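This is what each chain is made of:
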Amino acid sequence: MAKTNEPTIIKKYANRRLYNTGTSTYVTLEDLAVMVKGEEDFVVYDAKSGEDITRSVLTQIIFEQEGKGGQSLLPITFLRQLIRFYGDSLQGLVPSYLEFSISSLTREQEKLRTQMTEAFGSTALEAIEEQVKRNTEMFERAMKMFMPFGGGGSSASGNAGGAAAAPKSPPSSDLDEMKKQLAAMQKKIDSLGGGKA
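Residues numbered from 1 in each chain as written. Predicted model: local features only at pLDDT ≥ 70, side-chain atom pairs only at ≥ 80, totals over all residues. Heavy atoms only, no water.

1. As for the pattern of salt bridges
Side chains carrying opposite charge are able to pair once their charged atoms draw close together. According to the stated counting rule, one finds one salt bridge in the structure shown. Here Glu30 and Lys68 are joined by a salt bridge, their closest N and O atoms 2.8 Å apart. Separated by 38 residues along the polypeptide, Glu30 in helix α1 (residues 29-37) and Lys68 in the loop between α2 (54-67) and α3 (76-85) bring together distant segments of the chain. What makes Glu30 partly exposed here is its relative accessible area of 32%. The class for Lys68 is partly exposed, based on a relative accessible area of 32%. (Salt bridge = Lys/Arg side-chain N within 4 Å of Asp/Glu carboxyl O. Helix = DSSP H or I, 4+ residues; strand = E, 2+ residues; numbered from the N terminus. Buried < 20%, exposed > 50% of the residue type's maximum accessible area, 1.4 Å probe, protein only.)

2. Brief notes about the sheet that holds strand β4 (residues 42-46)
Taken in spatial order, the four strands of this open sheet run β3-β2-β1-β4, and their pairing is mixed. The open sheet has two edge strands, β3 (25-27) and β4, and neither has a second partner. Sheet twist, expressed as the mean angle between neighbouring strand axes with direction ignored, is 35 degrees. Pairing geometry for strand β2 (residues 18-20) and β3, over three bridges, is antiparallel. Of the residues in β3, the one forming a bridge with Asn20 is Thr25. (Pairing = 2+ DSSP bridges. Axes fitted to C-alpha atoms, helices over the stretch in contact; angles between N-to-C directions.)

3. With respect to the packing of α1 against α2
Between α1 and α2, the shortest axis-to-axis distance is 10 Å and the interhelical angle comes to 100 degrees. The angle between α1 and α2 falls in the class roughly perpendicular. Seen from α1, the contacting residues are Leu29, Glu30, Leu32, Ala33, Val36 and Lys37; seen from α2, they are Val57, Leu58, Gln60, Ile61, Glu64 and Gln65. A breakdown of the residues in the contact of α1 with α2 according to their chemical character gives seven nonpolar, two polar and three charged. (Parallel < 35°, antiparallel > 145°, perpendicular 65-115°, else oblique. Contact = heavy atoms within 4.5 Å. Nonpolar A, V, L, I, M, F, W, Y, C, P; charged D, E, K, R; others polar.)

Structure, rendered in structure tokens:
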């Protein structure tokens, strides 16, 4: 069967079964995970309502993968930080930042694999740390674009008092905390790399 640019349509029925219209077979979340890993694009629709439920199905796949012993990718600190962003003034910025970060990691993954194979130690850690540093710098630049007047607070509350130097809001303190954690990681990585260089 010739491969098309159109995503495969998966239908989810009330009994929670998933039907692949491309192969005319029922599939599992594990099958969909294999499709994702094979870079096969698909869209999942609720069979009754026709609603696009791709996001929730992909989230289910991640939940299942995280539940498997020894396969966790998402650190608890990251999950907590992610939850804090829901309802926050920066919520709209987070998806594009995460998408950019994971795209950068994907582009660099072959180089990272090679470096990890060659030097299972400080070189690989330095490469990962460099990627994190670049992503953080991009995130800070993006935040400055969205908040050009330097305040960490949201625009909704920034004009209420009329004062230019308002106290820092929770999003800024969350960012400060992330910066501190990155700085601590940098020191650890520098100390590991210092012995070999």
